[in-house]
Amino acid sequence: MNVLEADGLTKHFSARRGLLGGSRGVVRAVDDISFAIENGRTLGVVGESGCGKTTTAKLVLGLEEPTGGSIRFQGKDLRSLDPLGRKQYRKSVQAVFQDPYASLSPRMRISDIISEPLTTNETVTSADARKRVLKLLDLVGLPARSADLFPHEFSGGQRQRIAIARALALSPKLVVLDEPVSALDVSIRAQILNLLRDLQEEMGLSYLFIAHDLAAVAHMSHAIVVMYLGKIVEMGDAQSLVRAPKHPYTAALFSAALPSHPDEQRDEIVLSGEVPSPLNPPSGCRFHPRCPSAMTICSQREPELLNADDRLVACHLFSAGGNAN
Amino acid sequence: MSNSTLSSVSSNPRPRAVAAAGQPLLEINNFSTHYVSAQGTRVVRAVDDVTLRVNAGETVGIVGESGSGKSTLALSILRVLPTAARIVSGQLWFEGEDLVRKSDAEMQDVRGKRIAMILQDPMASLNPLFTIGNQVAEPIRVHEGADRSTAWRRARDLLKAVRIPSPETRVRQFPHEMSGGMRQRIVGAIGISCEPRLLIADEPTTSLDLTIQAQYLNLLRELQREHGLALIFITHNLGIVAKMCDKLVVMYAGRVVESGPVSQIFNTPTHPYTKALLNAIPRMSDRRQRLTAIEGQPPDLAALPRGCAFAARCPEVFDRCRKETPPEFNLDGGRTTRCWLTTAATQSGAA
């Protein structure tokens, strides 16, 4: 059972080119992507800047309206929802962001920060709200006295716990985690990743986990989506994708990840060049100018996301036409 | 015990450091930098009794969490500390001269020429109002007195050396016209422009994407080989250390808790903090459901507890740790550790 399904999801932004803003270009931030998040599971999204992972998160959170395609939540198309259903959806999908210094208001007490989603979305008495706050603090491993303190009295790891408590206040089904540990110290990251795992088990939460730390994504995710310039290039079971990436970009990305041990031997694939501008993506396969195994067809025809053994890959090497070459 | 110098790293398994054996390029002895509040009432021991040695051509990784003192140590080496900071004790021997005793004017000949630094954010280290050529050529003109055309020619060569495509046009462009990876490579070009002996890189790749990070680290390694540079990496990322470094220095609460050859420390860490740190990182291959987290937080540097600063979070803590500060023990193979467990376990190994 899937908690959320995205089908042909597309988001284009119009961009003004030049100082006088004459001709307009279109940034295809997210271009026709489809994925599903299973109940109680974690879908990891990896890719470099400009690949569209944050736009995808915003679309899922309803912070951006898609240009095309649809999102179904628990089987219902978001476009078909009335305002009340829409509100219900917003309550069911919550987010934890990267920087716990920016995401908590410095002027609010912790109890107000955590109970704000409750008081704006539900009718609760202040006594009930207080009770819920204390329960949430306990859930994320903070002492009850934290409720009356301000954010500056907490360390980065503790602030992220507060942000998680706030995200859980409305008992969501899905939590979008956008780089939830990258602003934290190494010794604190493990605490937060463990906490997120425990909460998932206890509350049956689903996660959309976005991070650039591939090892953290591999550790947390059940399935992984790899994006490049607004497209999904590979998608499948986390363990097998990490062990044997198929798409040349996935292979290069994972080989560029830093080793966890100095004696680790790896064939490093160093890509030349940089990610092209999404304003003017390359023809055919968007990865072809940097791809070490590019063929003639790659610059001419865009590969479709097709079944390749246990997963989906968008590469001519794995489609019927490519094999002949 | 703590003021004995480290034995030289002769058992280093990495071939590229072999040529480096011999005289240390940089020798830091019992060095301390404290931040003192205006009234003098609060003292933050940011760097406390640090001893370490960097040989020519060697790559040393200094690892620690925020507040461990790693960046303050780097700023101390260049003597570019904020006004509240005081170097309270110790020496910084660099090519036979003590940098602590140099005047500010004398330090100007060291900075950028003999020791250069690369900072985390390339946008903040480049001036948006000057062209790339101007900024790459500046240290060459200042330190070597080169005329404009010579300096600009060198700047173009440097851009080529750091793999900037079409350097002839790039020298006339401004920082905002470059991507993040290119800007960081330009900062690298400025760093090596006067052929320094030591390059200090403070989190040089945190703002870069993975594939760009890989390019940049390989570039640094090539530059190091070509110019015989010694490199100090200041980082919180053990992966960078595993990939790049010969020697690892682990800092906690202003002190060096463990140091030695990288693969030895990864294989047999001696300090409980190092062990915990290595266990806390998720690995691509592992199937662990839970990571081994280090509970609690680093202590307040203005109110350090008595004894070992890690005692409150240490799984192997015992009585002595809370009473006495462990000194730096010298172990076999050029390793050091600051832990009371060492005395019992490796008495014979202690120097």
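Residues numbered from 1 in each chain as written. Chains lettered and ligands numbered in written order. Predicted model: local features only at pLDDT ≥ 70, side-chain atom pairs only at ≥ 80, totals over all residues.

Trainee: Please explain the overall build of chain B as it appears in this structure.
Mentor: Of regular secondary structure, chain B possesses 13 helices and twelve strands. Structurally, chain B occupies a C-alpha span of about 65 × 50 × 40 Å along its principal axes. Out of the 351 residues belonging to chain B, those deemed buried represent 50%. (Helix = DSSP H or I, 4+ residues; strand = E, 2+ residues; numbered from the N terminus. Buried ≥ 20, exposed ≤ 12 C-beta atoms within 10 Å, placed from the backbone.)

Trainee: Any chance you could explain the nonpolar core here in plain terms?
Mentor: For soluble globular proteins, the rule of thumb is that nonpolar side chains tend to be buried together. In this structure, Leu208(A), Val226(A), Ile200(B), Ile232(B), Phe233(B) and Val241(B) are the most contacted members of the largest nonpolar core, which totals 186 residues. With residues up to four places along the chain from it excluded, the contact list for Ile232(B) reads Val54(B), Val60(B), Ile62(B), Leu198(B), Ile200(B) and Ala201(B). (Core = buried A, V, L, I, M, F, W, Y, C linked by C-beta atoms within 7 Å. Contact = placed C-beta atoms within 7 Å.)

Trainee: Sorry if this is basic, but what is going on with the packing of helix α7 (residues 180-192) of chain B against helix α8 (residues 210-227) of chain B here?
Mentor: Packed helices, taken two at a time, are described by their axes: the angle between them and the distance between them. Residues and elements named next belong to chain B. Running from N to C, α7 and α8 point in directions that differ by 15°, and their axes come no closer than 11 Å. Classed by the angle they form, the pair α7 and α8 counts as roughly parallel. Seen from above, α7 lies across α8 with right-handed handedness. Two secondary-structure elements touch here, α7 through Gly181, Gln184, Arg185, Gly188 and Ile192 and α8 through Ile212, Gln215, Tyr216, Leu219, Leu220, Leu223 and His227. Split into classes, the residues belonging to the contact of α7 with α8 amount to six nonpolar, five polar and one charged. (Axes fitted to C-alpha atoms, helices over the stretch in contact; angles between N-to-C directions. Parallel < 35°, antiparallel > 145°, perpendicular 65-115°, else oblique. Left-handed = near helix turned anticlockwise from the far one by under 90°. Nonpolar A, V, L, I, M, F, W, Y, C, P; charged D, E, K, R; others polar.)

Trainee: Hey, could you run me through helix α3 (residues 110-121) of chain A in this one?
Mentor: For the α-helix, the turn length of 3.6 residues means that residues three or four positions removed from each other point alike. Listed in full, the buried residues belonging to α3(A) are Ile110(A), Ser111(A), Ile113(A), Ile114(A) and Ser115(A). Of the surrounding secondary structure, the elements contacted by the buried residues of α3(A) are α4 (126-139) and α5 (156-168) of chain A.

Trainee: Explain the interface of chain B and chain A to me, please; I cannot follow it from the model alone.
Mentor: Frequently, the measure chosen for interface size is the accessible area that the parts lose on association. Contacts between the two partners involve 34 residues from chain B, matched on the other side by 34 residues from chain A. Residue assignment for the side of chain B that touches chain A shows that the elements contributing at least two residues are α8, α9 (238-244), α10 (262-267) and α11 (272-280) of chain B. The leading source of residues in the side of chain B that touches chain A is α8(B), at seven residues. When grouped by side-chain class, the residues that make up the side of chain B that touches chain A number 16 nonpolar, 13 polar and five charged.

Trainee: Quick question: what am I supposed to make of the packing of α3(A) against α5(A) here?
Mentor: Residue and element names in this part refer to chain A. Put simply, α3 and α5 touch, their axes get as near as 7 Å, and they point 30° apart. Comparing the axis directions of α3 and α5 gives the class roughly parallel. α3 and α5 meet at a crossing whose hand is right-handed. Residues Ile110, Ile113, Ile114 and Pro117 of α3 form the contact with α5, whose own contacting residues are Ile162, Ala165 and Arg166. Within the contact of α3 with α5, the residues separate by chemical class into six nonpolar, no polar and one charged.

Trainee: Help me understand the environment of Thr59(B), please; the structure alone is not making it clear to me.
Mentor: Residues and elements named next belong to chain B. Along the polypeptide, threonine 59 turns up in strand β3 (residues 59-63). Residue class for threonine 59 comes out buried when judged on the 27 C-beta atoms lying within 10 Å of it. Between the alpha carbons of threonine 59 and isoleucine 281 there is a distance of 22 Å; along the sequence they are 222 residues apart. Dropping the residues within four chain positions of it, threonine 59 is found in contact with Gln224, Leu231, Phe233, Met244, Cys245 and Asp246.

Trainee: Sorry if this is basic, but what is going on with the sheet that holds strand β2 (residues 43-55) of chain B here?
Mentor: Consider a sheet: its strands pair through backbone hydrogen bonds, and that pairing is either parallel or antiparallel. Residues and elements named next belong to chain B. Here four strands make up an open sheet; going across it, the order is β2-β1-β4-β5 and the pairing antiparallel. A single partner strand is all that each edge strand has here, and the edge strands are β2 and β5 (97-98). Alignment of strand β4 (residues 85-94) against β5, held across two bridges, turns out to be antiparallel. Directly across from phenylalanine 94, in β5, lies its bridge partner glutamate 97. Relative to the sheet, helix α1 (residues 70-78) contacts β1 (24-36), β2 and β4, its axis offset from that of β2 by approximately 70°. (Pairing = 2+ DSSP bridges.)

Trainee: Help me out: how do you make sense of α5(A) in this one?
Mentor: Residue and element names in this part refer to chain A. End to end, α5 covers 19 Å across 13 residues, agreeing with the expected 18 Å (1.5 Å per residue, within 8%). Most of α5 is tucked away, with twelve of its 13 residues classed as buried. Along α5, the residues that are buried comprise Gly157, Gln158, Arg159, Gln160, Arg161, Ile162, Ala163, Ile164, Ala165, Arg166, Ala167 and Leu168. If you follow the buried residues of α5, they end up packed against β6 (93-96), α3, α4, β7 (174-178) and α6 (186-203). (Expected span 1.5 Å × (residues − 1).)

Trainee: What is the right way to look at the sheet that holds strand β7 (residues 198-202) of chain B in this model?
Mentor: All names here are of chain B. In space, the eight strands of this open sheet follow the order β6-β7-β8-β3-β9-β10-β12-β11, with mixed pairing throughout. Whereas interior strands pair on both sides, the edge strands pair on one side only; in this sheet they are β6 (115-118) and β11 (329-331). Neighbour-to-neighbour, the strand axes of the sheet open up by a mean angle of 20°, direction not taken into account. Bridge count between β7 and strand β8 (residues 230-235): five bridges; the pairing is parallel. Counted as the bridge partner of alanine 201 is phenylalanine 233 from β8. Contacts between α7 and the sheet are confined to β6 and β7, with β6 contributing the most and set at about 170° to the helix.

Trainee: Sorry, what's going on with the confidence of the model for chain B here?
Mentor: When pLDDT drops low, the exact placement of atoms in the prediction is not to be read closely. All names here are of chain B. On average, residues of chain B score 87 in pLDDT, and 91% of them are at 70 or above. In the model of chain B, helix α13 (residues 341-345) stands out as the element of lowest mean pLDDT, 70, in contrast to strand β10 (residues 255-261), which has the highest, 97. Contacts from residues 1-21, a stretch scored under 50 in pLDDT, to residues over four places away or in other chains number 45 contacts. The model gives residues 347-351 a pLDDT under 50, and that stretch makes nine contacts with residues more than four places away or in other chains. (pLDDT = per-residue confidence, 0-100.)

Trainee: Even after reading the chapter, I still don't get the pairing of β4(B), so can you show me in this structure?
Mentor: All names here are of chain B. As judged from the eight bridges shared by β1 and β4, these two strands associate in the antiparallel manner. Bridging from a neighbouring strand, isoleucine 28 pairs with leucine 92 of β4. What sits between the antiparallel neighbours β4 and β5 is a turn of two residues, in which glutamate 95 has the positive phi angle 45°.

Trainee: Help me understand the pairing of β1(B), please; the structure alone is not making it clear to me.
Mentor: Here is the key point about a regular strand: its side chains alternate between the two faces of the sheet. Residues and elements named next belong to chain B. With eight bridges joining them, β1 and β2 adopt antiparallel strand pairing. Bridging across to β2, threonine 33 finds its partner in valine 47. Hairpin remark: β1 followed by β2, antiparallel, with six residues in the connecting loop; positive phi at glycine 40, about 75°.

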